[in-house]
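# Fold and geometry: a report
In case you want the letters, here they are:
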Amino acid sequence: MDLMSGYKNRVQGVVGLVFGNDNSSSSEDSYVERLLDRISNGVLAGDRRTAILELQSVLAESRTAQLAFGAMGFPVLLSVLKEERDDVEMVRGVLETLVSALTPIGVSKGSKNEVQPALMNADMLSREAESISLLISLLSEEDFYIRYYTLQLLTALLTNSQTRLQEAILTIPHGITRLMDMLMDREVIRNEALLLLTYLTHEAEEIQKIIVFEGAFEKIFSIIKEEGGSDGGVVVQDCLELLNNLLHKNASNQVLLRETMGFDPLISILKLRGNSYSFTQQKTINLLGALETINLLIMGGPETDPGKDGKRLTNKTVLVQKKILDHLLVLGVESQWAPVAVRCMALRCIGNLITSHPKNLDALANKVLGEESQVEPALNSVLRIVLRAPSIQEFLAADYIFKCFCEKNPDGQTMLASTLIPQPQAVSHASHEEDVNMSFGSMLLHGLNVSENDGDLETCGRAASVLSHILTDNIQCKEKFLRIELEAPTPSLGAPEPLLHRMVKYLVLASSMKSKDGKSSTPVDMYVQPIMLKLLVIWLLDCPNAVHCFLDSRPHITYLLELVSNSTTTAWIRGLAALLLGECVIYNKSSDRERDAFTIVDAISDKLGLTSYFLKFDEMKTSIFFSSGKTTESRKPLSRSPTAASMEETEDVDEHEASNQKNEDHPMLASIFDGQFVDFVGKLEANIRESIVDVYSHPKRKVAVVPAELEQKGGETDGDYIKRLKSFVERQCSEIQDLLSRNATLAEDLAKMSGGVSRPEHRVSGGSERVQVETLRRDLQEASQRLEMLKAEKAKSESEASMYSNLAGKMEADLKSLSDAYNSLEQANFLLEKEVTALKGGGATPTPDVEAIRAEAKEEAQKESEAELNDLLVCLGQEQSKVEKLTARLLELGEDVDKLLEGIGDEIGLPDDDEEEDD
């Protein structure tokens, strides 16, 4: 009751705010209060019933009364339901009154903040857990109207407070069981129970599982069969919506359906009975509901389920075994009288059914359609829809089949390309009615080789979309289509041209169909141009021959540069053109200087500048398609007939297709820039950035380090050798300086770019830094190799110096020995002189002529010494010359010769010249 009093105070304040003067609503407030007082305190049961009827009437007509009732009415009426269950008429009146209190009345177009009394009342009633339990218990009453109004009241509560009601019902014992029992009740009760369960099971996995174990599948398909299948009314629609809620991302329920009832009851709904040309709006909605069920089974359970892939493949296999392809082809391809929404949904189901399933791919490839007298492959019929469908949505759905068929299916792509048979000029320009007998490839070429008016350009764009799927990740198909040459519209005016050049020609034609303000002059041009660009991007990817063919015509690069720099085009057009330019660099194997990778990069740098060029990628990634392409598709909000709403959306697109539609709203552009292509563009862009930085940071002519140039030539003096080495190093330094200058320019460009677009460029600058580091690493490696060569020469020189040092030491030792011998001779001579002197002093005996003997001995000794000294001096002169040359060579190499010879000969004692002279 405290909650009620607080709520009453708030509502009384709101009443004055919403309805102006309090006196304007005071009469109704007092009237509601009097009626509630009669119901609560009345003595006579008849008077109380009358008051309930009057209250129900005023609540059904007055929002003011609903607002006043919410403040004080619920406790009164809930007490009646609790205490007077035996009075059936009174309980019935109370339930009908509560339904009126929760039913919105003529919502005005005023302020969004305006109070909605019905929503406030539903919120207040749902907060009382006992009230939900009380209402569930009323479903067991025998009175038909009590059960009927109770279901309506629960549905109204679910509509406004879904989560709270779902949680409350889960806590009530046997609550869901009682709701399921209502499906076996009378038709009116059953229909209300269906609607209630549809709201109750929306995104509530626990409730979904309980309802399935209560036999929901059997009851749903029983009701659908009883109502006439797809020809039934809104009850079939409700059954299918309930079925879709139970299967949506619920793997266990999908497995239970497949292993218990199977898919036959579901597939039977798609069978066209009676007059197949009769498609009422309700039948269309029912077929869309059944196709949505098929699609849910194909997509499998939630992404978090570890076994989702296996369960998904099993569902696809079983569906094809049950001949679902035949029914889908009838609805999507053969029944051209069927509504566009049904055909589109059936075609998309076919695409999802064959994705990543080899057996289903083969099954579709082998399907044939038509009468016995005139049959053709199913893929040919789908291609005809692509080329001729008046609806953009139908074209997109048929194109989706080829996207799914070619994805990770090189055999299928090769099979389609093998049917490529160029037709004669007369056949290639035949009318659409005459292409029935053409092969798939010939029909595709017929669509690509068109005249240059607006209608044919649209057909060419659609055919180009199919061709892009065939060429995706398939080098063989790319090479095969490169060899196709198309005749000129007037053979006498020109020779055949490659198909690739023709696509560029149509791209230029689509670009020229723009008004001066940059807007598309026709509704076709806004998507033909991006389709052509996407085709060329896929074609040139990892295919050097395609790049070579593209560059065969010089104006192609000029046109791309102008397209990238054209500010009047859209961001995605400039971005795709920039991708195409980048592919001409990274997949360019040409040796021709006029069109090699260096020339393309220089053209980009001169015409655009690397900063501006790289920014085109960022502009493209921030466009609406690249941001929306990565988002996952969410389920539509719950409504009475969401399938019908989707059908209306499809029809609205078709009705407004020829109007001046904004580029961002066109469905074709959203299809081109799907999530898969967005991821592909992101990876390709990173490769292009790194490759262009690598090419730009290296000179076109690299210096070839010739090992012979580092060796001294025969007969070359040391000075000439050093001069030649110096000249070689100067040339290298000049090349390195040029390289550093280019790197500095590039770094400045990248810095400016990262400053303009701070967030997206962090990853890109990191890639360019890696490229610069790699370049510096290679330069360092080359310098290290040259340093090792110099070190080897230094070691050799040191070895020679050591050898000469040892030889000099040996000569010094020989010289010392000779000096010792000379000293010994001097000593002997001195002794002889002493003896001669002594003999002279004696005077007794005749003495020999000592002076003559001395002079003779001295002369002989001097002759012998001079001969030995001359030999020694000759040897020393030769060694001194070698030492001088070695010393000069060591000085050139930067060695300290004095330090190297330090200590040599210090311990050798040479005789003193002065002493020798004195002697």
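All figures in this text were calculated on a predicted structure; none of them were measured in a lab.

So, on to the overall build of the protein. Helix and strand counts for the protein come out as 44 helices and four strands. When the 919 residues of the protein are sorted by exposure, 46% land in the buried category. In the structure as shown, the protein presents an accessible area of about 46,000 Å², 52% of it carried by carbon and sulfur atoms.

Okay, a negative patch on the surface next. The grouping of Glu856, Glu860, Glu864, Glu868 and Asp871 at the surface amounts to a negative patch. Considering the arrangement of structural elements, one finds glutamate 856 in helix α42 (residues 850-892).

What follows covers the environment of leucine 240. The residue leucine 240 is located in helix α14 (residues 234-247) in this model. Separated by 52 residues in sequence, leucine 240 and glutamate 292 have C-alpha atoms that sit 8.9 Å apart. The contacts of leucine 240, once residues within four sequence positions are left out, are Ile224, Ile269, Asn286, Gly289, Ala290 and Thr293.

Glancing now at the pattern of salt bridges. A full pass over the atoms with the stated rule returns 28 salt bridges. Residues aspartate 47 and arginine 38 are paired through a salt bridge, measuring 2.9 Å at the closest nitrogen-oxygen approach. The exposure class assigned to arginine 38 is partly exposed, which follows from its relative accessible area of 26%. Of the charged contacts, one joins arginine 502 and glutamate 497 as a salt bridge, the two residues approaching to 2.4 Å between their closest N and O atoms. A single network of salt bridges, built from pairs that share partners, joins Asp618, Lys621, Glu685 and Arg689.

Peptide bonds are mostly trans, and most non-glycine residues show a negative phi. Phi angles above zero are rare outside glycine, and glutamate 203 is one such case at about 55°. When you line up the elements, glutamate 203 lands in the loop between α11 (187-200) and α12 (205-213). The exposure class assigned to glutamate 203 is exposed, which follows from its relative accessible area of 58%. The backbone phi angle of lysine 323 is positive, close to 65°, even though this residue is not glycine. Within the secondary structure, lysine 323 sits in the loop between α18 (308-321) and α19 (324-334).

Across the interface, helix α5 (residues 88-101) lies against helix α8 (residues 144-160) with an axial gap of 9 Å and an inter-helix angle of 20°. The orientation of α5 relative to α8 falls into the category roughly parallel. Our pair here, α5 against α8, has a crossing hand that is left-handed. Of the residues in α8, those in contact with Val88, Val91, Arg92, Leu95, Glu96, Leu98 and Val99 of α5 are Tyr145, Ile146, Tyr149, Thr150, Gln152 and Leu153. Counted by class, the contact of α5 with α8 contains nine nonpolar, two polar and two charged residues.

Cut-offs applied
- Residues numbered from 1 in each chain as written.
- Predicted model: local features only at pLDDT ≥ 70, side-chain atom pairs only at ≥ 80, totals over all residues.
- Heavy atoms only, no water.
- Helix = DSSP H or I, 4+ residues; strand = E, 2+ residues; numbered from the N terminus.
- Buried < 20%, exposed > 50% of the residue type's maximum accessible area, 1.4 Å probe, protein only.
- Areas by Shrake-Rupley, 256 points an atom, 1.4 Å probe, with all protein chains shown as cover.
- Patch = residues over 30% accessible without salt bridge, like charges linked within 9 Å, V, L, I, M, F, W, Y side chains within 5 Å.
- Salt bridge = Lys/Arg side-chain N within 4 Å of Asp/Glu carboxyl O.
- Lys, Arg positive; Asp, Glu negative; His and termini not counted.
- Charge placed at Lys NZ, Arg CZ, Asp CG, Glu CD.
- Contact = heavy atoms within 4.5 Å.
- Axes fitted to C-alpha atoms, helices over the stretch in contact; angles between N-to-C directions.
- Parallel < 35°, antiparallel > 145°, perpendicular 65-115°, else oblique.
- Left-handed = near helix turned anticlockwise from the far one by under 90°.
- Nonpolar A, V, L, I, M, F, W, Y, C, P; charged D, E, K, R; others polar.

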